[in-house]
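Listed here are the chains, written in short residue letters.
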Amino acid sequence: MKTRDLAYVALFAALVAVLGLVPPVPVAGFPVPITAQTLGVMLAGSVLGARRGGLALLVFLAVVAVGAPVLSGGRGGLSVFAGPTAGFLYSWPVAAFVVGALTQLTWRRFNLAWSLLANLAGGVVVIYAIAIPLTTFFADVSLATSFTSSMTFVPGDIVKGVLASVVAVAVHKAYPVIELPARRRPVTG
Amino acid sequence: MTGWRRRGTPAAVAAAVPRTAIEVRRVGHAYGERPVLHDVTLTLAEHRIGVIGGNGSGKSTFARLLNGLVLPTEGQVLVDGLDTRTDLRAVRRRVGFVFQDPDAQIVHPTVAEDVAFGLQNQGVPAEERAVRVAEVLDRYGLAGHADHPAHLLSGGQKQLLAIAGVLVMRPLRVVFDEPTTLLDLANKRRIARVVAELEQDVVVVTHDLDLLAGFDRVVVFAAGRVVADGPPAESVAAYLASMA
Amino acid sequence: MTLALYHPVPSPVHRAPAGLKLLVLAALGVLLFVVPRLYLVGGALAGVLAVGLGLGGLPVRVLWAQVRPVLIWLAALFVVHLLVTDAATGALAVSRLLTLVLAAAVVTATSRVTELVDVVERICSPLRWVGVRPARIGLVIAMTLRFIPLIAERAARIREAQAARGGARRLTVLVVPLLVQVLQMAHTTAEALDARGADDEPLPRRRRRDR
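Reading the values: rules and limits
- Residues numbered from 1 in each chain as written.
- Chains lettered and ligands numbered in written order.
- Predicted model: local features only at pLDDT ≥ 70, side-chain atom pairs only at ≥ 80, totals over all residues.
- Heavy atoms only, no water.
- Helix = DSSP H or I, 4+ residues; strand = E, 2+ residues; numbered from the N terminus.
- Buried < 20%, exposed > 50% of the residue type's maximum accessible area, 1.4 Å probe, protein only.
- Contact = heavy atoms within 4.5 Å.
- pLDDT = per-residue confidence, 0-100.
- Axes fitted to C-alpha atoms, helices over the stretch in contact; angles between N-to-C directions.
- Parallel < 35°, antiparallel > 145°, perpendicular 65-115°, else oblique.
- Left-handed = near helix turned anticlockwise from the far one by under 90°.
- Nonpolar A, V, L, I, M, F, W, Y, C, P; charged D, E, K, R; others polar.
- Pairing = 2+ DSSP bridges.
- Buried area = accessible area lost by both parts, 1.4 Å probe.
- Salt bridge = Lys/Arg side-chain N within 4 Å of Asp/Glu carboxyl O.
- Polar contact = N/O pair within 3.5 Å; in protein donor to acceptor, adjacent residues only side chain to side chain.
- Phe/Tyr/Trp six-rings, centres within 6.5 Å; stacked < 30°, edge-to-face > 60°.
- 1 Å grid on protein atoms, 1.4 Å probe; cavity = no way out; pocket = protein on both sides within 12 Å on 5 of 7 lines; lining within 4 Å.
- Points joined across faces, edges and corners; volume = space filled by probe spheres on them.
- Domains from an automatic or database assignment.
- Core = buried A, V, L, I, M, F, W, Y, C linked by side-chain atoms within 4.5 Å.

Considering the overall build of chain A
(1) Moving on: Along chain A, the regular secondary structure elements total seven helices and zero strands.
(2) Moving on: Start at the N end of chain A and walk to the C end: the helices and strands fall as α-α-α-α-α-α-α.
(3) Moving on: The buried share of chain A, reckoned over its 189 residues, is 65%.
(4) Moving on: Partitioning the contacts of chain A with sequence separation of at least 6, the portion at a separation of at least 24 is 69%.

Okay, here's the thing in structure tokens:
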């Protein structure tokens, strides 16, 4: 990894943390509040690509583990990895990786449609595919219960997926980070 | 220069090369299609050199050429005879770099840890590291903040921390890229004093003409070229005239 | 914003190596899931409280602060169990999670961030064989901790600027400018890392290049 990649990984891990500080929207029912944090997961993959995006989320989880209260609602520490919503945490690095991989795959003809596909497949489908079975295990509820309760959050996640896609397309044009070589941002002055 | 040097100089040889001058030879630089420097040739040997110019004049890119943060697309930059292209690491050890925004260059959560960062990269043993960090924190009035979070420092203190983090590595020269732009008047003066007291050779890129008092030479850039070069009074006069 | 859930008081639990505490925590997690008995969970819960509040000298509020956000969830979980299984299963599931959350909170409150980062580096040391330098992992974690308050501050500033112009508190208008700032910061930070020798070879021997 180049130092540039280290900077991207660290800064996006921090960005995901800060998005967790944006007040969550509570939803009645099975309470995994809607937060901007999963938006950070999608953006990390969309902007940084598979490897760096996945690493950014792993680093984010490491930072949570060592005690930074940066999950939505000010949670943090090791307890969240055993807590009821732990399944979602574990899914994030994979989700960012998948979003990034799909983005890279379609990079040459990247547009809003491809971006939506990447963000919804990686940022919604992958997250639930991992989180639902894990929640079933941690909370000892049936798969069906876990599934139906999770579905209440899907509309919010789709909104975030659309938002992430719009942003990703803008970044793709103005400031491509994926396939970086040979292009550098000019230094002003 | 010589062929063996172009292939890279062994570190031991590089460390022994005496401090002479930074030579910028027929350097051009472009970001993709956009040229920012054209055919710049300068020999920088004075103790304190200022670099001024309008926004987009190429002066920041010029500063970054001096320690190899930017490699020239044309021509050559030699630091005491070491080519930035082939002897990058040796060059960076000789030429420290202080950025405009200390927030982007402080990478560790606490003050002492951040100062130690460069020494860690150089492989300086822990005991020596501790001594050198304490020394430099003391010199810049940060001793009481050693274990404090860096983000709680004031703007001026952050810039001092950034400078301390560079000086602890004992470079022979320091390049400053607009070190006072983000500071208030009191802190501008404080940084100016720090720069004036350095025993290292310094190159200061700035919009802050007061900072250049007592400098040996000032170079003026416009549209990627050197348009004036001489004693501060003359260069500044030429610069002000061109702005009028 | 403070980035520390560490609660410094002198105690044997604080002095115990962070790696050991993590190991015990992991073992407890496995045990409670493999042997789902209410008496075992109850015993573990009592044990965790004894270690944290008694031996570790932690005030109740420190642990409470970490448990509180989970409580609503645990209550909901219990209700779900009442509806679909039975009270006993519900009690087991809830008390098990509560115990693990508390145990993890005790580890977090009694271990310094730097110690835990060291453990993370050690856990990652096998990655050396696939070309990852463990020290780099420590650096990236440190950088993240450093940049969180900075980016939070930038986010607050963006919100202020938008509020001053009467802007709505929408997510889009925050995220786009914030992302631009983060990308610019990454650029300068990468330069700063290079300027301070982050890409230098680690000791002991300097490698000759191109020879």
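Moving on from the model shown.
Overview of the confidence of the model for chain A
All names here are of chain A.
(1) Moving on: Residue-level pLDDT values for chain A average 83, and 87% of them are 70 or greater.
(2) Moving on: Long-range and interchain partners of residues 26-31, a stretch whose pLDDT sits below 50, account for 10 contacts in this model, where long-range means more than four residues apart.
(3) Moving on: Considering only residues more than four positions removed or in separate chains, one finds that residues 180-184, a stretch of pLDDT under 50, has seven contacts.

Examining the packing of helix 2 (residues 37-48) of chain A against helix 5 (residues 112-139) of chain A
All names here are of chain A.
(1) Moving on: Orientation of helix 2 relative to helix 5, taken along the N-to-C sense of each, is 135°, at an axis distance of 10 Å. The angle between helix 2 and helix 5 falls in the class oblique. Note on packing geometry: the crossing formed by helix 2 with helix 5 is right-handed. Side by side, helix 2 and helix 5 meet where Thr-38, Met-42 and Ser-46 of the first sit next to Asn-119, Gly-123, Val-124 and Ile-127 of the second.
(2) Moving on: Considering only residue class, the contact of helix 2 with helix 5 consists of three nonpolar, four polar and no charged.

Details of the sheet that holds strand 1 (residues 22-31) of chain B
(1) Moving on: Spatially, 2-1-4-5 (chain B) is the arrangement adopted by the four strands of the open sheet, whose pairing is antiparallel. With partners counted over all chains shown, the strands left at the sheet margins are strand 2 (34-44) and strand 5 (82-83) of chain B, one partner each.

Some words on the interface of chain A and chain C
(1) Moving on: Facing the 59 residues of chain A at the interface are 64 residues of chain C.
(2) Moving on: Both faces combined, the contact of chain A with chain C buries some 5000 Å², and carbon together with sulfur accounts for 81% of it.
(3) Moving on: Our count for the chain A to chain C interface comes out at zero salt bridges.
(4) Moving on: Here chain A and chain C share two residue pairs in polar contact (both at pLDDT 80 or more) between them.
(5) Moving on: For the side of chain A that touches chain C, the elements supplying multiple residues, two or more each, are helix 1 (3-19), helix 2, helix 3 (50-65), helix 5 and helix 7 (154-174) of chain A.
(6) Moving on: The leading source of residues in the side of chain A that touches chain C is helix 1 of chain A, at 15 residues.
(7) Moving on: Of the residues that constitute the side of chain A that touches chain C, the class distribution is 45 nonpolar, nine polar and five charged.

A look at the pairing of strand 3 (residues 48-53) of chain B
Residue and element names in this part refer to chain B.
(1) Moving on: A large share of strand 3 lies buried, amounting to six of its six residues.
(2) Moving on: Neither face of strand 3 is left uncovered, since the one carrying Arg-48, Gly-50 and Ile-52 and the one carrying Ile-49, Val-51 and Gly-53 both have all their residues buried.
(3) Moving on: The pairing of strand 3 with strand 8 (residues 201-205) spans four bridges and is classified as parallel. Bridging from a neighbouring strand, Ile-49 pairs with Val-203 of strand 8.
(4) Moving on: In this structure, strand 3 lies alongside strand 9 (residues 217-222), joined through five bridges in parallel fashion. The residue of strand 9 that forms the bridge with Gly-53 is Phe-221.

Quick look at the packing of aromatic side chains
Residue and element names in this part refer to chain A.
(1) Moving on: Tallying each qualifying case throughout the model produces seven aromatic pairs over all chains.
(2) Moving on: Considering the side-chain rings of Phe-81 and Tyr-90, the 5.9 Å spacing of their centres and the 55° angle between planes classify their relative orientation as tilted.
(3) Moving on: Between the aromatic rings of Trp-107 and Phe-110, the centroid separation amounts to 5.4 Å while the plane-to-plane angle is 45°, which identifies the pairing as tilted. By the burial criterion, Trp-107 is buried, and Phe-110 matches it.

Quick notes on the pairing of strand 2 of chain B
All names here are of chain B.
(1) Moving on: Two elements, strand 1 and strand 2, share seven bridges in a ladder whose sense is antiparallel. Its bridge partner being in strand 2, Val-27 is matched across the sheet by Val-40.
(2) Moving on: Linkage of strand 1 to strand 2, two consecutive antiparallel strands, is achieved through a turn of two residues, within which Gly-32 is found at a positive phi near 60°.

Here's the deal with the layout of surface pockets
(1) Moving on: Computed from the structure, the second largest pocket encloses a volume of approximately 1200 Å³.
(2) Moving on: In terms of lining residues, the second largest pocket is bounded by 37 residues, among which Leu58(A), Ala62(A), Val120(C), Ile123(C) and Cys124(C) are the most central.
(3) Moving on: Only helix 1, helix 3 and helix 5 of chain A together with helix 2 (18-34), helix 5 (87-110), helix 6 (113-123) and helix 7 (134-164) of chain C provide two or more residues apiece to the lining of the second largest pocket.
(4) Moving on: At seven residues, helix 3 of chain A tops the list of elements feeding residues into the lining of the second largest pocket.
(5) Moving on: Residue assignment places the lining of the second largest pocket across two domains, with domain 1 (12-111) and domain 2 (132-202) of chain C each supplying three or more.

Quick word on the domain arrangement of chain C
(1) Moving on: Its domain assignment divides chain C into domain 1 (12-111) and domain 2 (132-202).
(2) Moving on: If you average the C-alpha positions of domain 1 of chain C and of domain 2 of chain C, the two centres end up 35 Å apart.

With respect to the side chain of Thr206(B)
All names here are of chain B.
(1) Moving on: For Thr-206, the location among the structural elements is in the loop between strand 8 and strand 9.
(2) Moving on: Look at Thr-206 and you get buried, because its relative accessible area is 1%.
(3) Moving on: Among the polar contacts made by the side chain of Thr-206, one reaches the main-chain amide nitrogen of Asp-208 at a distance of 2.7 Å.
(4) Moving on: Excluding residues within four positions of it along the chain, Thr-206 makes contact with Val-51, Ile-52, Lys-59, Glu-178, Thr-180, Leu-211 and Leu-212.

Observations concerning the pattern of salt bridges
All names here are of chain B.
(1) Moving on: In the structure shown here, the tally under the stated rule is 20 salt bridges over all chains.
(2) Moving on: Measuring nitrogen to oxygen at the nearest pair gives 3.8 Å for the salt bridge that ties Asp-201 to Arg-19. Of this pair, Asp-201 sits in strand 8 while Arg-19 is found in the loop between helix 2 (11-16) and strand 1, placing the two residues 182 residues apart along the sequence.
(3) Moving on: What makes Asp-201 buried here is its relative accessible area of 13%.
(4) Moving on: For the salt bridge of Arg-132 with Glu-128, the shortest nitrogen-to-oxygen distance reads 2.9 Å.

As for the nonpolar core
(1) Moving on: Counting 128 residues, the largest nonpolar core has Phe12(A), Phe60(A) and Ile151(C) as the members making the most contacts within it.
(2) Moving on: For this core, the element with the most residues is helix 1 of chain A, which contributes 14 residues.
(3) Moving on: A domain-level breakdown of this core finds at least three residues from each of domain 1 (12-111) and domain 2 (132-202) of chain C.
(4) Moving on: When near neighbours in sequence (up to four residues on either side) are disregarded, Phe60(A) contacts Ala13(A), Val16(A), Ala17(A), Gln37(A), Val70(A), Leu71(A) and Trp92(A).
(5) Moving on: Counting 42 residues, the second-largest nonpolar core is a separate cluster that includes Ala112(B), Val166(B), Met169(B) and Ala228(B).

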